[in-house]
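Commentary on secondary and tertiary structure
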Amino acid sequence: MTVPAEAAHAPGCAPEEPLPRLETLKARADFLRAARARRQGTVAMMVQARRRDDGTSAIRVGFTCSKKLGNAVTRNRAKRRLRAVAREVLPKRGHPGWDYVLIGRPGETVSRPYQALKSDLIRALDKLHAKP
RNA sequence: GCGGAGGGCCGGAUGGCCGCGGCCCCUGACGGGGGUCGAGGAAAGUCCGGACUCCACAAGGCGACGGUGCCGGGUAACGCCCGGCCGGGGCAACCCGAGGGAAAGCGCCACAGAAAACAGACCGCCCCGGAGCCCAUCCGGGGUGAGGGUGAAACGGUGGGGUAAGAGCCCACCGCGGGCCUGGCAACAGGUCCGGCACGGCAAGCCCCACCGGGAGCAAUGCCGAAUAGGGACCGCAUCAUGGCCCGCCUUGGCCGCGCGGUCCGGGUUGGCAGCUCGAGGUGUUCUGGCAACAGGACAUCCAGAAGAAUGGCCAUCCAUCCCGGGAAUUCCCGGGAGGACAGAAUCCGGCUUACAGGCCCUCCGCGCAA
RNA sequence: GCGGGUGUAGCUCAGGGGUAGAGCGCAACCUUGCCAAGGUUGAUGUCGUGAGUUCGAAUCUCAUCACCCGCU
């Protein structure tokens, strides 16, 4: 369990080797393709993942927070927390050449403690990658 | 001290690590580094008013449709703001009011009641004549609208005189209407004289009067690139009926379509750039005019521009606030815990409305106490 | 950004100033050996919320909330 130790000095950690860059998913079609591929729900979010098989190696990630989350302020807050946790986890745990979509859930995405949110994403990624 | 009225302001602070968007500079090809700026009083609802852009462009009249509605002022404009008037509420400070016209017309006023709008008269009251010995009662004729009960509202109200009984029939006051005078720019107020009741309510029912309004909206609109043959633009010639030109009709112009020829662009879809942030600008101090809204001037200072959409994530301490335990009869101290309102720019301004934990300041009113 | 519509009984909807209604559903009873159907009777409402106009508002006016639908 490296999570507590990592959290202790996580803010200042300098990466040894250059981690793969994150790109933002923007086109509606990419979201629809990811939704048809693998998905895994957790307490605070739904994670969708898809291997692109187009030869490129970038990790792309998109975020969805619908009106069910609440008004504009809570939607923005949910999306920013998802973005923060993705930026911290995906470069190390994500697979190159995959697309990921993180979907916020009402209440939990905003109110869940940050460390729990983070372990939710790690556990979801492990399950998604383990699937055939 | 208690209770109340009006107005204004703030709406967490500091630090650390990791990040985001615009602009500038340096280094330089993917990139990296530095500097600087980066949400609100409501950014919200989209309820009004504008700026700006386009709609093939205008001028005038009539009519629809929509809006506004005491008076004066402010403003680019407004349905906003300021001052005043009138009506209503409150002991008061003060608050509330879609507040033009009901003798231009139409309509409605359920139930109850004799009668609901313009006159009439159900129970009554009174007089005369007759029937009846008289009374009671009945019949006929006439006067009356005082009394009764209904209703939200009943044909001016109260008091007195008067009368057969009554009645603005007469008188006083109030109310209503009209004339004149005074004050005021005006709404209106005050005074005086006359009339002698003749005009119930509803116009947020239709309506009448006055004033205002062309339509759409930055996803407007302009430009560039890729791509593709069904579309479109322009010019010239021809030209008849008719249709259309962002509510209808009319008048005066103007334009478009149908056919032939020529030239040019290139639909859907998708991407980029401009519009795009400096404007009736904001904030602070101050001067002049004004009761004020506001106007004019001086100085200083500030300026978010994204586009799956930045302005953040996490942590610590402090500050409000609350809870628990302990010491002191509350306030005070110590320890622990909880914990931060409503809410996120999307072309830009001026308003209105709505949401909002907690806190601060100023002015005023009533009551009580002390001096 | 612009525009439109709806809100009434558990459900679907009428009613457009004068006592809130219909159908389905629900409950009780009758009928039947039992059930269904049928019949009789009954209960049920802050008329989304708050102000205003009016003697009187589900209805008219204003504000507000929620939901739905168009156009670009």
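Here's what I pulled together on the structure shown here. Residue numbers run consecutively from 1 along every chain, following the written order of its sequence. Working convention: letters from A go to chains and numbers from 1 go to ligands, in the order in which they are written. Local features in this predicted model are restricted to residues of pLDDT 70 or higher, and side-chain atom pairs are both shown and tallied only at a pLDDT of 80 or more, whereas totals for entire chains, interfaces and linings draw on every residue. With hydrogens and water excluded, all non-hydrogen atoms of the structure serve as input to the side-chain values.

Turning our eyes to something else, we now look at the side chain of Gln 40. Within the secondary structure layout, Gln 40 lies in strand β2 (residues 38-41). Relative accessibility thresholds used throughout: buried, under 20% of the residue-type maximum; exposed, over 50%; partly exposed, between the two (1.4 Å probe, protein chains only). Looking at Gln 40, the relative accessible area reads 16%, which means it is buried. Contact criterion: two residues are considered in contact whenever any of their non-hydrogen atoms come within 4.5 Å of each other. For Gln 40, the residues in contact, after removing those within four places along its chain, are Met 45, Met 46, Val 47, Ala 124, Lys 127, Leu 128 and Lys 131. Strands are runs of DSSP state E lasting at least two residues, helices are runs of H or I lasting at least four, and both sets are numbered from the N terminus onward.

Another aspect to go through is the environment of Gly 94. Locating Gly 94 in the fold gives a position in the loop between α3 (72-93) and β5 (98-104). Residue Gly 94 is classed as buried on the basis of its relative accessible area, which comes to 10%. Along the backbone, Gly 94 and Leu 22 are 72 residues apart, and their C-alpha atoms lie at a distance of 9.8 Å. Beyond its immediate stretch of four places on either side in the chain, Gly 94 contacts Ile 59, Val 89, Tyr 100 and His 129.

For β5, a buried count of 6 out of 7 residues is recorded, marking the element as mostly surrounded by other parts of the structure. Pairing geometry for strand β3 (residues 45-51) and β5, over 7 bridges, is antiparallel. Of the residues in β5, the one forming a bridge with Ala 49 is Tyr 100. Strands are treated as partners if at least two bridges between them are detected by DSSP. Taken together, the 5 bridges between strand β4 (residues 59-64) and β5 define a ladder with parallel strand orientation. Residue Arg 60 lies in a different strand from β5, and its bridge partner there is Asp 99. For a crossover, the right-handed case is the one in which the path from the first strand over the helix to the second runs clockwise, viewed with the strands pointing away from the viewer. Viewed along the sheet, the connection from β4 through α3 into β5 turns out left-handed.

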